[in-house]
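Descriptive structure summary
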Amino acid sequence: MKTDVLIIGAGGAGLTAALAAKEAGVNVRVLTKEYPTRSQTCMAQGGMNAALGNVSDDSIEAHIQNTLKSAHGEANEEAVRYMCSEAPNAVKWLDSIGVCFSRTQDGKIAQRTLGGASAPRACYAQDYTGLKILHTLYDKCLSKEVEILSDRYLVDLLKKEDGSICGALILNIRTGELEHHFAKSVILASGGYSRIYDKQSTNSTASTGDGIAVALRAGAKLLGMEFVQFHPTGLKNSSILVSESARGEGGYLVNSKGERFTNELAPRDEVSRAINEQMLKGEEIFLDIRHLGETFIDENLPQERKLAKLYENVDPAFDLIPIKAVAHYTMGGIEVDNKSQTSVSGLFACGECANHKVHGANRLGGNSLLEIIVFGREAGKAAANFTFCDDKSKSEFDCRKEDNFLDMLKECKNEIDFYSKRSEVGELFYKNVGIIRTPSQMKEAKDVISKLKEELPLMGVRDTSKVYNTNLVEFLEFRNMLDICEVVVDSALERKESCGAHYVQAE
Amino acid sequence: MKIKIKREYDFIEYDVDMQENTLLEVLNEIKQTQDNSLTYSSSCRSSVCGSCSVRVNEKEVLACSYKVQDGDVVEPLKNVEVIRDLVVNMDKALETNARAKAWLQEYNKEAALSHEDEKINELQSDCILCGSCYSACPVYAVNGEFLGPFALTRVWKYVSDKRELDQKTKIDTIQTNGVWDCTLCNECTVVCPQDISSKADIEKLRMRSTMAGYSDPSFAQSFGGGFGFDGSPTF
């Protein structure tokens, strides 16, 4: 199967890239391991930053400065400048394809203030910003007849003799068959790796970092993998996100003694650390919004009340909500230049799997939806250009024959249950390579991961069906997560000083 | 607690020691500790991705927002091809969006949306394409060409949007196997996890169609076929 530009992932970044590449006049195929509207993008609630100044004075320069400050010196100023300058255009474009942004009384796109922003800058669509952007992008792709194939899982990238990328090896989950998808260039838009923390993450279970692990195996450079953002208020049992608005509206954080212990509106990393310190002292932590009153809660925080009742069996109007800080967004990823080109020829990346050096050590709320649109478009254009300009891309699609993991899988012994190992890794990383990290804890985590990687042949898949084998897909994801874990802990060990979301404590 | 799940050939009963849990949590527990081959879809766990829609006791629910009861019977969605256990193939249902041209055709630069305009189709744009409405729809069950509830809701979303200049193409597109085929039975509304009423949206689209000069073909047929021009019955 051949195409010009092959895109792996159909979230906001992948679909935007697809539209841009299609517009550039090349053939495009998008593959997703789920369906296009089911990706992580649909979970983004808060908004998308653009210094429109619709609600009060704002400037692109202020947006740039806020972003750089939050990045703690780890961002590339040129990239940040580009993203923030393009933000108004990106919002305008989304409006032109039909995104239902919330409006002010005078008919402008409404904006609200998120943490770390000096002005109300986040454009939103009620509490469903990501969902509505994603679905509108999907509709636009249908109108442009973009080819999207669902239930396709990325196993590995295909390489030519010269090492450049010429497609991807894909598992068709429905049939169980391996497919070779050849292309002149490939864009990875496959999402972040928050699920290495397993249940201690707000993310969709699909955020397993597949594209990053595959790129790493193909020789691509990764960057900033130690930077993981923890959100202060995940529900204690399910880690489902309780939005920042609960604290914005006046909610308190209290410990088991009912004492407040931090400024609830400080930046996410500070609040998360305060929560973590309390928990290490044996305290349980709660979000308390009872004093706001039932009427106010129903009017302003209905979603939060619904989620707490459903997933924690408490009613926030009368009870405390048990919470903990959990992994929410991964700043690290495949290193790319301003044209979304990775260190491997023919391979591009955008979205959470890429590191465009705009978030640095800590992402600003409202910048992730912005990034997927601005750099999604760049990646689409650049990958399309590559098919025109690069001489190498004109050569035939002859790829190197390599053994793939699926062949080796047949030898797996199935003595160790990987599901329980997956939970253990999540808990270990949450404790040792999480909100607060000490060198010895990180070293311990590193040893565990090395051992697990050696033990992979002793694990394996019990379900032998070819058709829709999710047991197999989850095992392949687990293998990718182990590769990611190794890089995360190595980069964390290498960075001795605290920086943004990476907080090291001396022993 | 015991629940029955429809597997490839038959229902299988599982016994789990869980209380006050969502169906998705129970499915995860069964898959990871009892039967690795149990197959279902899930993703966000918080009711926005639309992956985990199934039927419990013959009613469509999202597994992640349904609290399991002892004796529950779990089955895949209806009116779509079952791939394995609870996993269905949504491709054909999703194609209705393309057939219905559910997108913004021509952008009206001049249209400035107000806060009130935003509210007109706010609910319709909450759709998560979970497919519950297609499973519950008796028309889609017998006519695979029917455009179906979520596609028609999407059409209404764009038709009711002031930014859409070309409303006519949309209205033209939904005349065949579209708005007039619906029986207004309201099953789609009952099962929608986002409280959207496709039935109500279809009624609004019918009104727009009438304004555009279209009429209910079955109505026209009964007159045209049953009566002569002077009103006397023809045989």
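Residues take numbers from 1 onward in each chain, read along the sequence in its written order. Written order determines the labels here, with chains lettered from A and ligands numbered from 1. Since the coordinates come from a predicted model, pLDDT governs what is reported: local features require at least 70, and pairs of side-chain atoms require 80 or more to be given and counted, while whole-chain, interface and lining totals use all residues.

Observations regarding the environment of leucine 131 of chain A
We count a stretch as a helix when DSSP gives it H or I for four or more residues in a row; a strand needs E for two or more, and each element gets its number in order from the N terminus. Assignment of secondary structure puts leucine 131 of chain A in helix 4 (residues 129–143). In this description, any two residues whose backbone-derived C-beta atoms lie within 7 Å of each other are considered to be in contact. Every residue in contact with leucine 131 of chain A, bar those within four places of it in the chain, is listed here: Cys42 of chain A together with Val48 and Ile128 of chain B.

A few points about the pairing of strand 9 (residues 178–188) of chain A
Residues and elements named next belong to chain A. Relative to strand 9, strand 1 (residues 2–8) runs parallel, the two being bridged by 6 bridges. Its bridge partner lying in strand 9, isoleucine 7 is registered against isoleucine 187. Each pair of strands is called paired provided DSSP finds at least two bridges between the two strands. With 5 bridges connecting them, strand 8 (residues 165–172) and strand 9 associate as antiparallel partners. The residue of strand 9 that forms the bridge with leucine 169 is histidine 180. Examined bridge by bridge, strand 9 and strand 16 (residues 347–349) share 3 bridges and lie parallel to one another. When the bridges of strand 16 are listed, leucine 188 appears paired with alanine 349.

Overview of the sheet that holds strand 11 (residues 228–235) of chain A
Residues and elements named next belong to chain A. Strand order across the open sheet formed by 4 strands is 11-14-13-12, with antiparallel pairing between neighbours. Each edge of the open sheet carries a strand with a single partner, namely strand 11 and strand 12 (252–254). The mean inter-strand angle of the sheet, taken between neighbouring strand axes irrespective of direction, is 45°. With axes taken as lines fitted to C-alpha atoms, and helix axes fitted only over the stretch in contact, angles between N-to-C directions fall between 0 and 180 degrees. Contacts from helix 7 (residues 268–280) reach strand 11, strand 12, strand 13 (285–288) and strand 14 (321–330) within the one sheet, and its direction differs from that of strand 11 by about 60°.

Section: the domain arrangement of chain A
By convention, interface size is frequently given as the accessible area that disappears when the constituent parts associate. Residues and elements named next belong to chain A. Domain start and stop positions are those given by an automatic or database domain assignment. When cut into domains, chain A gives domain 1 (2–226 + 331–394), domain 2 (232–325) and domain 3 (405–494). Of note, the centres of domain 1 and domain 3, computed from C-alpha atoms alone, are 26 Å apart. In this complex, domain 1 contributes 23 residues to the contact, which on the side of domain 3 involves 24 residues. A total of 4 residues in the side of domain 1 that touches domain 3 trace back to one element, the largest contributor, which is helix 5 (residues 210–217). By residue class, the composition of the side of domain 1 that touches domain 3 is 12 nonpolar, 5 polar and 6 charged. For this scheme, ten residues count as nonpolar: Ala, Val, Leu, Ile, Met, Phe, Trp, Tyr, Cys and Pro. Four count as charged, namely Asp, Glu, Lys and Arg, and the remainder, Gly too, count as polar.

Some thoughts on the sheet that holds strand 4 (residues 59–62) of chain B
All names here are of chain B. On the basis of which strands lie adjacent, the open sheet formed by 5 strands has the order 2-1-5-3-4 and mixed pairing. The open sheet has two edge strands with one neighbour each: strand 2 (11–15) and strand 4. If you compare each strand with its neighbour and ignore which way they point, the axes differ by 35° on average. Pairing analysis gives 5 bridges linking strand 1 (residues 2–6) to strand 2, with the strands arranged antiparallel. By the bridge assignment for strand 2, lysine 6 is matched with phenylalanine 11.

Concerning the nonpolar core
The term nonpolar core refers to a set of buried Ala, Val, Leu, Ile, Met, Phe, Trp, Tyr and Cys residues connected through C-beta atoms within 7 Å. Burial is judged by counting the other C-beta atoms within 10 Å of a residue's own C-beta: 20 or more makes it buried, 12 or fewer makes it exposed, and any count in between marks it as partly exposed, with every C-beta position built from the backbone. Grouped together as the largest cluster of nonpolar side chains are 221 residues, with contacts concentrated most on Val186, Ile187, Ala349 and Cys350 of chain A together with Ala63 of chain B. Setting aside chain neighbours within four positions, we find alanine 349 of chain A in contact with Ile187, Leu188, Ala215, Ile334, Val336, Ser340, Thr342, Ala354 and Ala379 of chain A.

Looking at unusual backbone geometry
A positive phi angle is found at tyrosine 468 of chain A, which is not glycine, with a value near 40°. Inspection of the secondary structure puts tyrosine 468 of chain A in the loop between helix 13 (439–455) and helix 14 (470–494). For leucine 184 of chain B, which is not glycine, the phi dihedral falls at a positive 55°. By secondary structure assignment, the location of leucine 184 of chain B is in the loop between helix 7 (167–173) and helix 8 (187–191).

Section: the interface of chain B and chain A
Contact with chain B, which involves 41 residues of that partner, is made by 41 residues of chain A. Residue assignment for the side of chain B that touches chain A shows that the elements contributing at least two residues are strand 6 (81–84), helix 2 (91–99) and helix 3 (115–120) of chain B.

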